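Descriptive analysis of the structure
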Amino acid sequence: MQKHLLLGVEAIAQGAIDAGISGVYAYPGTPSTEITEYIQESKIANKRDIHRRWAANEKTAMESALGMSYAGKRSLVCMKHVGLNVAADCFMNSAVTGSNGGIVVTVADDPSMHSSQNEQDSRVYGKFAQIPVLEPSNQQEAYECAKYAFELSETLGTPVLMRITTRLAHSRAGVEVGEAKLENELHLPSNPKQFILLPAIARKQYRLLLNKQEKFEEASENTGFNKYFEGKDKSLGIIACGIGYNYLMENFSSEECPYSVVKVSQYPLPRKMINKLAEECDKLLVLEEGYPVIEEFIKGYLEKENIIGRLDGTLSRDGELNPDMVRAALGFSCHTDAPTPELVAPRPPALCEGCSHRDVYTALNEVINTYGKGRVFSDIGCYTLGALPPYESIYTTVDMGASITMAKGATDAGLFPSVSVIGDSTFTHSGMTGLLDAVNEKTPITVIISDNESISMTGGQESSAKGRIESICEGLGVEKDHIRVLMPVPKNHDELCAVIKEEVEYKGVSVIIPRRVCIQKAARDAKKARVARAKAGK
Amino acid sequence: MKTDIILAGVGGQGILSIAAALGKAALDNNLNMKQAETHGMSQRGGDVQSFMRISDEEIFSDLIPKKGADLILSVEPMECLRYLPYLKEGGYVVTNKTPFINIPNYPEIEELEASIKALPNYVLIDADKIAKEEVGNGRAFNFVMLGAASPFIDIPFEYLEDGIRALFLKKGEDIVNMNIKALHAGRKFAEDNK
Ligand SMILES: Cc1ncc(C[n+]2csc(CCOP(=O)(O)OP(=O)(O)O)c2C)c(N)n1
């Protein structure tokens, strides 16, 4: 059969399309973004008109997807790991409502923090919500897991969490694609009260969820995604979760693995397989990408000594796995590698030449230096790179939207001035409610919404904020005279400085909107226009 | 057969087009391949790498182990050195000569080239110049680089030509031919200078 060259994330997208989804709901975030982008580009998705527009944030995405499930159709939700914190309220409660149409929440974790603020492990959320979790080990399995996840969601009436990590998300391989299912017909839940989480009903629903746990475990035992491999050498048994399995096998590519192995790609853990392994083997090594979730679980509070992994130092406690770490854990001699020569300098990411955020920081530094350091709160986006030289303008970056509210809290504590720097998409993601708090209390903060009319850090997706920022601020109650829009280019430097100075001195909420389109987006749009013109000319 | 390659460069230089042609070449000839790449923050002018693995046997890890790469193919001279811990004994470094300087502490060019020339197996090529002068289009430097690396990649050269053809099919005959010309120019240089 013909194979398609797909990234792990693309394999999931194709699997979801072939599972007959009627909608994907997502907010971009590395390494999850390309799932939605693949569906947006897909011919079948366009022909079927699958819902595929970006949501304002992960919470709105999760809720819309649950609405689609309520209406009986299949929906996919995608986000990066920290996005699940934003969607967590709905996510946790969706475990209690259960599903009608299949609903699969795909979360991409980023151990080693290649592009993230932390390396939280979404499997913990799966356990927290008490729902099944899938963790494919390769691209082919990612495709199959996606299809299967929708089946599982409908047969057991539960949302399913699909957890992947950076290396599978952004690695390509040949994938065999199977048959495509039709979309579900619209149909309401057979129990009209299923989704009403009033305490009396929620208690019943919660019992239902608890009663399903046994079925979830049974599914883990019986689907082909978890496998038991018998080995001759019983001195060690290995539990290899997700792509941890690949790093294990990499170390036995020329010979057979002598140890018994349980390959885990579906949770809750397949208890029978794990028990068998524990009974037969003297010691257990747990290989997992992320937190020592399983290791901690089976080792327990009593710290059984024959279980090794990230907790006892056999493997590093943090960071992603790799074949070399696993090699060392297996007790093989390690390669003495040639070091990287000293003259190789680190090359951190930087704001593009000509980026509008540069002009904003140049002006902001000039003004704020007259007050002293430590007074600029920022947020998450390309403009976070303003923390690095040559600007070193910002002092905080924590979670999306926190720049406004942290500036508010610092002002409440007496810090003056407190300035927030936030991007357009981050503002509509989670900045608006914080601004409302500040307006209601007339807190003297200055919010700079550095508007490049794009979600640039993740590749230039359409921003929900486009064309709406002034009216949103006005609607929230920011005074019109203190909503200042201007163009951040070097020749407007003095004007920008003057405006920042004025608004910093204003004893109320002010919003400054330096607006200039992202230069990468401008270049891409120009190229698209050229191609379109060339096509029209032919 | 089995070839593990590290593709190296700076975000925005386009190493992924090289990976795409190689990937096509492998897949269309029923070889297994895995290719892990860098997306996200470092694409903003940071160092980026792609691990490319091609084999007629099953490939497990998406990452290449230390001392596992047969080849480091770098489109930037400092970046080729960053991945030396991954190079196999006897492996080759094929690197472009043109530096991409976007940091204040970029090493002295002479020192950098001396480090490269101290390696046991290397090809140092001015792919930008060859692309401009011999191919007639500076943008083809990526495929000059692939051509220069081709003698050290354990798959038939025709597969690479086919890969490029498949990749640029939609863009028309001229673009296909230009990039294949680049591939040949790079290969010739490597054959003469390895
Ligand atoms: C909760 C959460 N969701 C998604 C992300 C991923 N993310 C990081 S930056 C960013 C883009 C922000 O866009 P914008 O505020 O417009 O700034 P720009 O990058 O365009 O400067 C996104 C989506 C994240 N870090 N946290």
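Above this note sits the structure.
Here the residue numbers are simple positions, counted from 1 along each chain's written sequence. Key to labels: chains lettered from A, ligands numbered from 1, both in the order written. Owing to the predicted nature of the model, reporting of local features is limited to residues with pLDDT of at least 70; listing and counting of side-chain atom pairs is limited to 80 or more, with chain, interface and lining totals taken over all residues. Each side-chain value is worked out from all heavy atoms of the structure, with water and hydrogens disregarded.

**Digging into the site of the ligand**
Residues and elements named next belong to chain A. Put simply, a residue is near a molecule or strand once any heavy atom of it comes within 4 Å of that molecule or strand. Taken together, 26 residues surround the ligand, and among them E58, H357, D424, T426 and S454 come closest. In this structure, an oxygen atom belonging to the ligand sits 2.9 Å away from a main-chain N or O atom of C382. Between the ligand and S454 there is a distance of 2.8 Å, counted from an oxygen atom to a backbone nitrogen or oxygen. When the ligand is considered free in solution it has 590 Å² of accessible area, and contact with the protein chains removes 97% of it. Numbered from the N terminus, helices here are DSSP runs of H or I no shorter than four residues, and strands are runs of E no shorter than two. Elements with a contribution of two residues or more to the shell around the ligand: helix 5 (81-97) and helix 16 (424-441). Counting residues per element, the shell around the ligand draws most heavily on helix 16, which supplies four residues. Nonpolar residues are Ala, Val, Leu, Ile, Met, Phe, Trp, Tyr, Cys and Pro. Charged residues are Asp, Glu, Lys and Arg, and all others, Gly as well, are polar. Considered class by class, the residues forming the shell around the ligand number 10 nonpolar, 13 polar and three charged. Among the domains, domain 1 (2-182 + 195-222) and domain 3 (356-521) are the pair contributing at least three residues each to the shell around the ligand. Contacts described as polar in this section are N or O atom pairs within 3.5 Å, which, within protein, must combine one atom able to donate a hydrogen with one able to accept it, while residues neighboring in sequence count only if both atoms come from side chains. Where accessible areas are quoted, they stem from the Shrake-Rupley method and a 1.4 Å probe; at the residue level, only the protein chains shown are allowed to cover. Where a domain begins and ends is set by an automatic assignment or by a domain database.

**Here's the deal with the pairing of strand 5 (residues 87-96) of chain B**
On a regular strand, each side chain points to the face opposite its neighbour's, so the side chains alternate between the two faces of the sheet. Residues and elements named next belong to chain B. The buried fraction of strand 5 is high, at seven of 10 residues. Summarising the sheet, strand 4 (residues 69-74) and strand 5 pair through five bridges and their orientation is parallel. Within the sheet, the bridge partner assigned to L71 lies in strand 5 and is Y92. Here a crossover is taken to be right-handed if, once the strands point away from the viewer, the path from the first strand over the helix to the second is traced clockwise. Read as a crossover between parallel neighbours, the route from strand 4 over helix 2 (residues 77-82) to strand 5 is right-handed. With four bridges connecting them, strand 5 and strand 6 (residues 122-125) associate as parallel partners. Note on strand 6: the bridge partner recorded for N96 is I125. In this region the chain leaves strand 5, passes through helix 3 (residues 109-117) and returns to the parallel neighbour strand 6; the handedness of that crossover is right-handed. Remark: exposure states derive from per-residue accessible area (1.4 Å probe, protein chains only) relative to the maximum for the residue type, with buried under 20%, exposed over 50%, and partly exposed in between. At least two bridges found by DSSP between two strands is the condition for calling them paired.

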